[in-house]
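# What the coordinates show
Chain by chain, the residues:
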Amino acid sequence: MGAEWSSLGYFNPSKRFKRDTDDTKLNENDAENIDNSDENSTELGLFTEAGWNRLPYLVLLEVFQHLDQTDRYHAALTCKSWLLTLSSPSLWNTGHFKFNSKYSQSLISFVNRMGKFLQHIEADCAAQEAGETSADLLFLYQFTEALLTANNQQLVTLSLTNTKLLQPSAVHQWEVVEKLALLIENQQNLQVLDLSHADLSIKKGLRLLEAAASHRCHDTIHTLNINDLITITTPNDITDNARFHYFMSRFGNLSDLQLSYFYVSDELLYMLAITARHTLQKMSLHAKCLGHADRLTSKSAWQCLTSASPQLKLAVFIQSNMGMRYVSTLSRFLNPSLPLHQLHWVCGQMHDEEDIQMSLYHIAIFFENSLRHLRLDFANFRDEGMLRVLIKRCHKLETLSVNVLGLNRQEEIGFEVAIMLGIASHPIRHECVATLNNKDVSLRDTWFTSFLCFMMTRM
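Below or above, wherever it landed, is the structure these notes cover. (Residues numbered from 1 in each chain as written. Predicted model: local features only at pLDDT ≥ 70, side-chain atom pairs only at ≥ 80, totals over all residues. Heavy atoms only, no water.)

Before going further, it helps to spend a moment on the packing of aromatic side chains. Scanning the entire structure with this criterion turns up nine aromatic pairs. On the basis of an interplanar angle of 70° and a centroid distance of 5.2 Å, the ring pair of Phe378 and Phe381 is categorised as edge-to-face. Residue classification places Phe378 among the buried residues on the basis of a relative accessible area of 4%. Among the residues examined, Phe381 registers a relative accessible area of 1% and is labelled buried. A network of ring pairs unites the aromatic residues Trp345, Phe378, Phe381 and Phe415 as a single cluster. Across from the ring centre of Trp174, 5.2 Å away, lies the NZ or CZ of Lys203, which sits over that ring. (Phe/Tyr/Trp six-rings, centres within 6.5 Å; stacked < 30°, edge-to-face > 60°. Buried < 20%, exposed > 50% of the residue type's maximum accessible area, 1.4 Å probe, protein only. Lys NZ or Arg CZ within 6 Å of the ring centre and 35° of its normal.)

Right, here's the structure in full:
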């Protein structure tokens, strides 16, 4: 169960959750801090011999597994038997943290006391409450230092996302990076590492990647997310960096890799075909724009990777809000050799509709047999006929989400009909969950849809 520490009060480790290392002995000071609730409750007639305070340890442990973090925190203050049970490290091995200024001290206190038991850490620096600001770099430094002091070497999941939003502080960013690198290098069974959206310099980003590729971690990590870990100023900042390719070559058991499109080169694809052979199952590419036509990968490199990992499924996320000249690159970016399984395309208002039509037709022609999940977020796109052609050709779609701004009711109906007709024309009937502007337009097994499908086969 995760820990939403933004909703908790101050965590005082000197009064709560004190246990011996054998996880069975209640600290005497804790017993003094808790009122004689057991005796008082019995005197008031609130409990019997079969009362909650007398349930066996294992039974209480099973019950508390189903409580959220806030309820566990308050339940620990009820009586001594509950405090004893709730001091079990198994109840506190996962933490979902929100890094903000209001609750930073509570979180540090928790990590100081229970940090050595944490196995799964998920922290999002973008998660904020109304009126609150993100924590600063000093807080991340203290958070990492507390984990190091607790000698935590058993992390399985470490997710620190959106650290670029942390406020500046007296602690230099390089000191924070070094602390975090030491924490990663100390782990013995780290399997999931997410350092996305940090926007670090090349030197700092490569230092974290070096730590992940260390002798302890490189064979245990199977899920790696380094999307926007490093900020690039020119297209070749990463693709021509020998250290980047060396560190990436160290990961021998990757099954899920997420990274920025501008980190990808033919050299990286050929290298993954060797190091992640038969293990790489999912790869996600994120592109904020498609303005660098010279950064396109070759057909042979993708063919080599898909031959080495035939089960590979590629997810592509494209945001082309920078103008019409970027949209024209999409057809060349989506190489016909890509094992495209999922596509999410966001296109802003500055675009050429004819250019989008050509791009959609390119998708329909080359990925009709591989595309399973499609999401299109467009502004001022009105060609429902091209959308129908796309859906009809991509006959293996399982999910479809279309969001178009500025549609009037008549245009919306036209898009709904185009989506339903496209799905109905699929040669093999299977359920495709479809939405238009978050409204369900999926075909259901009714007499009308059966008749519609019959008519489509005759057209």
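Moving on, we get to empty space enclosed by the protein. Using the criterion set out here, one finds two cavities of 30 Å³ or more in the structure. Taken as a whole, the largest cavity holds about 130 Å³ of empty space. Lining the largest cavity are 13 residues, with Leu140, Thr163, Leu180, Ala198 and Leu200 sitting closest to its centre. Those elements giving two or more residues to the lining of the largest cavity turn out to be α7 (137-149) and α8 (173-186). For the lining of the largest cavity, a count of residues per class yields 11 nonpolar, two polar and no charged. Looking at the second largest cavity, the residues that line it are Tyr261, Val264, Leu285, Thr297, Trp302, Phe333 and Leu338. Among the residues forming the lining of the second largest cavity, the class breakdown is six nonpolar, one polar and no charged. (1 Å grid on protein atoms, 1.4 Å probe; cavity = no way out; pocket = protein on both sides within 12 Å on 5 of 7 lines; lining within 4 Å. Points joined across faces, edges and corners; volume = space filled by probe spheres on them. Helix = DSSP H or I, 4+ residues; strand = E, 2+ residues; numbered from the N terminus. Nonpolar A, V, L, I, M, F, W, Y, C, P; charged D, E, K, R; others polar.)

Summarising burial for strand β6 (residues 256-260): four of the five residues are buried, a large majority. Note: strand β5 (residues 223-225) against β6, three bridges, orientation parallel. In the sheet register, Asn225 faces β6, and the bridge partner there is Gln258. With helix α10 (residues 242-249) bridging β5 and the parallel β6, this β-α-β connection has right-handed handedness. Direction of pairing for β6 relative to strand β7 (residues 282-287): parallel, over a ladder of five bridges. Considered in β7, the bridge of Ser260 is made with His286. (Pairing = 2+ DSSP bridges. Right-handed = clockwise from strand over helix to strand, strands pointing away.)

This part is about the pattern of salt bridges. One pass over the full model with this rule turns up 13 salt bridges. For Asp377, the salt bridge is made with Arg375, and the minimal N-O distance between the two is 3.1 Å. Salt bridges here are not isolated pairs; linked through shared partners, they connect Glu178, Glu185, Arg207, Glu210 and Arg243. (Salt bridge = Lys/Arg side-chain N within 4 Å of Asp/Glu carboxyl O.)

Okay, the layout of surface pockets next. Considered as a void within the structure, the largest pocket measures approximately 500 Å³ in volume. In this structure, the largest pocket is lined by 23 residues; those nearest its centre are Asn227, Asp228, His286, Ala287 and Lys288. Put simply, the parts of the chain that give the lining of the largest pocket at least two residues each are β7, β8 (313-320) and β9 (340-347). The dominant element in the lining of the largest pocket, judged by the number of residues it contributes, is β8, at three residues. Residues that form the lining of the largest pocket fall into these classes: 10 nonpolar, 10 polar and three charged.

Burial of strand β3 (residues 157-161) is extensive: five of the five residues sit out of reach of the surface. Residues Thr157, Ser159 and Thr161 of β3 are buried on one face, and the alternating residues Leu158 and Leu160, pointing to the opposite face, are buried as well. Pairing geometry for strand β2 (residues 120-124) and β3, over five bridges, is parallel. Directly across from Ile121, in β3, lies its bridge partner Leu158. Judged from the three bridges that link them, β3 and strand β4 (residues 192-194) form a sheet pairing that is parallel. If you follow Leu158 over to β4, its bridge partner there is Leu193. Considered for its hand, the β-α-β crossover made up of β3, α8 and β4 is right-handed.

With 16 residues, helix α17 (residues 409-424) should cover 22 Å at 1.5 Å per step; its first-to-last C-alpha distance of 22 Å lies within 8% of that length. Sitting at the amino-terminal end of α17 is Asn408, which places a side-chain oxygen 3.2 Å from the backbone nitrogen of Gln410. (Expected span 1.5 Å × (residues − 1). Polar contact = N/O pair within 3.5 Å; in protein donor to acceptor, adjacent residues only side chain to side chain.)

Within the secondary structure, Cys217 sits in the loop between α9 (202-212) and β5. For the pair formed by Cys217 and Leu190, sequence separation is 27 residues and the distance between their alpha carbons is 6.2 Å. Apart from residues lying up to four places away in sequence, Cys217 is in contact with Ile184, Gln187, Leu190, Ala211 and Ala212. (Contact = heavy atoms within 4.5 Å.)

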